[in-house]
Amino acid sequence: MSGGTLHQLFEDRVRTEPDRTAVITDRTRLSYAQLDARANRLARHLTETVRLPPGNLVAIRTLRTPDVLVAVLAVLKAGGAYTVVGPDQKTHPVVADARAVITHQRHLARVDDGKDRPVITLDGDAAAIEGRSGAPFTEPAAVGWRAGVLLTAGTTGVRRPVGISHERLRAAYDAWAEVYRLDAGDRVLVTAAPDTTEFTAGWIRALGSGSTLVLSRRESFTVADTDPVTAARLLDNKRSVSGLRLLAVAGERLLLDEQVRLEQRLAPGARLINVYGPTEVAGCGTWFETGQLPGPVEDPEQHAYLGLPFPGCHAQIRKGQIWLTPPDGGDAVPTGDLGRREGDGPLEFRGRTADRVKVGGRTVDTYRVEAALAGHPRIRDSVVSEDGGQLIAYVLPHSGSAPSTAAVRSHLTGAVPAADIPRQVVPITTLPRNSAGKVDRKALIRPPVRAAGSTSGSKGGGEPLDAEDWAVIGLFVAVPVAILSFFFTNPIWPGSTDLSLVPGPWAGFFRGLYVFESLAFGAGVGFLIGGRPMMASRGKPRGLTTAAHLAIVWLLASWWPQDNLYRLAAKQDWPRQAVLVYTFNVPLMIAAGVVAAWAVWGATKAKAK
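So, here's what we can say about the structure. (Residues numbered from 1 in each chain as written. Predicted model: local features only at pLDDT ≥ 70, side-chain atom pairs only at ≥ 80, totals over all residues. Heavy atoms only, no water.)

## Looking at the overall build of the protein chain
Where we set the bar: Helix numbering and strand numbering both begin at the N terminus, where a helix is a DSSP run of H or I of at least 4 residues and a strand a DSSP run of E of at least 2. Exposure classes here rest on a 1.4 Å probe applied to the protein chains alone. A residue is buried below 20% of its type maximum, exposed above 50%, and partly exposed in between. The contact definition used throughout considers only heavy atoms, calling two residues in contact when any of these lie within 4.5 Å.
From N to C terminus, the protein chain includes 18 helices and 24 strands. Seen through its principal axes, the protein chain has C-alpha atoms that stretch 100 × 65 × 45 Å. Out of the 609 residues in the protein chain, the part that is buried amounts to 50%. Restricting the contact set of the protein chain to residue pairs at least 6 apart, pairs at least 24 apart contribute 64%.

Okay, here's the thing in structure tokens:
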């Protein structure tokens, strides 16, 4: 394993090939010498303005490239540790440990968390930074210092910080170099966002090898480092295929049949590797090529292989869960992913423990159901989740319409336990993904919830009613209720609609009021019956949705009895007035507050992330 600091790998290339292009973006391109000089200037500015103690953390709060690369190299040269956090993630806890922040002026309001720490703006402080020397930076010894803090993808909740040493990242570089076999002639396209592990740990693969790091899809490339969805899109471009010699896919599961189809679209002699490595091992765990298989695999659409460990890494299966040993030989870490292996063959992915759900007191292996759904000829991809005590299958069809619920249930019968067959099938046009390319299950729109095993509320053929069906039912209920309430107002509250002493045109206005009250009452009753399925499809918390549903019903329906009772109440009948106020007015205010909370819940949560 090579020794020294991480950035020394880059600096070695600066000395041997200073004029070679290091990085290309949509706006600019920099040679190794130019990138190094910019990093040296920022490193000197950082050390002279912040007085950065060795190993202290600096938060890079911008996603603009190549500024992120310049900042990462500068922090390393100054003896610090870097972390890249998107400027929109205002409350991320890792920032609290940062000694300083590097950002742009337009992000200042979002990254200001009230901490009294130095902030360097790359545009606002540009003149001072440019005034520093770009000459080679004399670095202190880095033994035992951390190089950075990487962030997990956050598919199971908050993005967790993981400290990474220089030694681990250098060991990962050595392992990647042996498998990727990059050289100075390669142009490496990286499509991951700058705040993902794929970028914050993987940049050294290209810059340590003397390759050109390409951050623009408009440019030509010989190597592509991307996720499965983007890989398929890249191969639609014939120009990309003609020069591509290596396609490295990571970030999400890649089924064997999908991998074979991608391979068939590559030029002769080009390679495709499926890379698996959580943040805890710096993204360096295992890699898979179809040549690792001893022979044909039955039902390839139901298998996703992770392959063999990178050099220096180890993979174990403990009680069904995958444990990985980092490339520097550190302690094995649990990945939270499930797997299996036959003999010395490649490791196979079998789902994530976090994706398993509880239904009816039993644990359901959703990956097993998703694997079975992959065998349906009309389903391209799927996600199985739980809501309201029942299983839901979100299916992405190959083309055209998705199969019906009855067809999906029939396909799964015998393939999975009967209790694991989803009660609902929700067609989707795309799977929501986070910046790392992983499926974001929390972003799936929840459908209306029905009790498991219910035979009521179904269309012909046994298919459950959807939100639009319930809306129609609610409308059909609302109209007759509104009409009946208008004609039955006076029999129920005699004299409440008597306008004989009211002069015109005011009597006409009051008659309009009575019509509106009846319409609101009818709408409230209709919404009581058909409104909740539509609200539940918004994917907000069940309890809050139920409260908001009832609040809307009360806001609509209460005007009819409230106004009629007020008109019959004497103005100085204080006991009755108090009853009316606390029966109607106060609950109406509370109901409005509940609806407001329901309306803003998702927006405030998304803004805080």
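Alright, that's what it looks like, and here's the rest.
## Here's the deal with the environment of T197
This is how it is decided: Polar contact criterion, stated in full: a pair of N or O atoms within 3.5 Å, where within protein one must be able to donate a hydrogen and the other to accept it, and residues adjacent in sequence count only if both atoms are side-chain atoms.
Of note, T197 is situated in helix α7 (residues 197-200). Along the primary structure T197 and L391 are separated by 194 residues, whereas in three dimensions their C-alpha atoms are 32 Å apart. Contacts of T197, omitting those with residues within four sequence positions, involve L150, L151, G202, T279, A282 and G283. A distance of 2.8 Å separates a polar atom in the side chain of T197 from a polar atom in the side chain of T279.

## With respect to the sheet that holds strand β23 (residues 390-397)
The cut-off we apply is this: Paired strands, as defined in this entry, are two strands with at least two bridges between them according to DSSP. Under this scheme, a helix contributes an axis fitted over its contacting stretch, all axes are lines through C-alpha atoms, and angles between N-to-C directions fall in the 0 to 180 degree range.
The strand order across the open sheet built from three strands is β22-β23-β24, with neighbouring strands paired in mixed fashion. The outermost strands of the open sheet, each flanked by one partner alone, are β22 (379-387) and β24 (424-427). Sheet twist, expressed as the average angle between the axes of neighbouring strands with direction ignored, equals 25°. Here β23 runs beside β24; their pairing, made up of four bridges, is parallel. Directly across from V395, in β24, lies its bridge partner P427. Against the sheet, helix α12 (residues 366-373) makes contact with β22 and β23, and its axis sits at roughly 150° relative to β22, the strand it touches most.

## Examining the layout of surface pockets
Where we set the bar: Only protein atoms enter the 1 Å grid used here, on which a cavity is any set of points holding a 1.4 Å probe that cannot leave and a pocket is any open set flanked by protein within 12 Å on both sides along at least five of seven lines; residues with an atom within 4 Å of a point are listed as lining. Grid points are joined across faces, edges and corners, and a volume is the space filled by probe spheres set on the points. By the convention adopted, Pro, Cys, Tyr, Trp, Phe, Met, Ile, Leu, Val and Ala count as nonpolar, Lys, Arg, Asp and Glu as charged, and the other residues, Gly among them, as polar.
Estimated volume of the second largest pocket: approximately 820 Å³. G277, P278, T279, D337 and K438 are the residues nearest the centre of the second largest pocket, which is lined by 45 residues in total. Contributing elements (two or more residues each) for the lining of the second largest pocket: α6 (166-180), α7, β13 (271-276), β15 (304-309), β18 (333-340) and β19 (347-352). For the lining of the second largest pocket, the element with the most residues is β18, which contributes four residues. Partitioning the lining of the second largest pocket into residue classes produces 19 nonpolar, 15 polar and 11 charged.

## Here's the deal with the pattern of salt bridges
The condition is simple: Only one rule defines a salt bridge in this text: a Lys or Arg side-chain nitrogen within 4 Å of an Asp or Glu carboxyl oxygen.
Per the counting criterion, the structure on display carries 31 salt bridges. For R20, the salt bridge identified is with E17, shortest N-O distance 3.0 Å. In this structure, the salt-bridge partner of R245 is D186, at a minimum N-O distance of 2.7 Å. Residue R245 is located in the loop between α10 (238-243) and β12 (246-249), and its partner D186 is located in the loop between α6 and β9 (187-190); the two are separated by 59 residues in the primary sequence. By relative accessible area, R245 is classed as partly exposed at 27%. Residue classification places D186 among the buried residues on the basis of a relative accessible area of 4%.

## Here's the deal with the packing of helix α16 (residues 542-557) against helix α17 (residues 559-568)
Using the following cut-off: When an angle is under 35 degrees it counts as roughly parallel; over 145 it counts as roughly antiparallel; between 65 and 115 it counts as roughly perpendicular; any other value is oblique.
Interhelical geometry of α16 versus α17 gives an angle of 40° and a closest axis separation of 6 Å. With respect to their mutual orientation, α16 and α17 come out oblique. Across from L555, L556 and A557 in α16, the residues of α17 making contact are W559, W560 and P561. The residue inventory of the contact of α16 with α17, partitioned by class, reads six nonpolar, no polar and no charged.

## Examining a nonpolar patch on the surface
To keep things clear, this is the line we draw: Patch membership requires over 30% relative accessible area and the absence of a salt bridge. Like charges are linked within 9 Å, and nonpolar side chains (Val, Leu, Ile, Met, Phe, Trp, Tyr) within 5 Å. Note that accessible areas follow from Shrake-Rupley with a 1.4 Å probe, and for residues the cover is restricted to the protein chains shown.
A cluster of nonpolar side chains, contributed by L475, V479, I483, L484, F486, F487, F488, I492, V515, F516 and L519, occupies part of the molecular surface with about 1100 Å² of accessible area. At eight residues, helix α14 (residues 467-492) tops the list of elements feeding residues into the nonpolar patch. Position of F516 among the secondary structure elements: in helix α15 (residues 506-536). For F516, a relative accessible area of 60% gives the class exposed.

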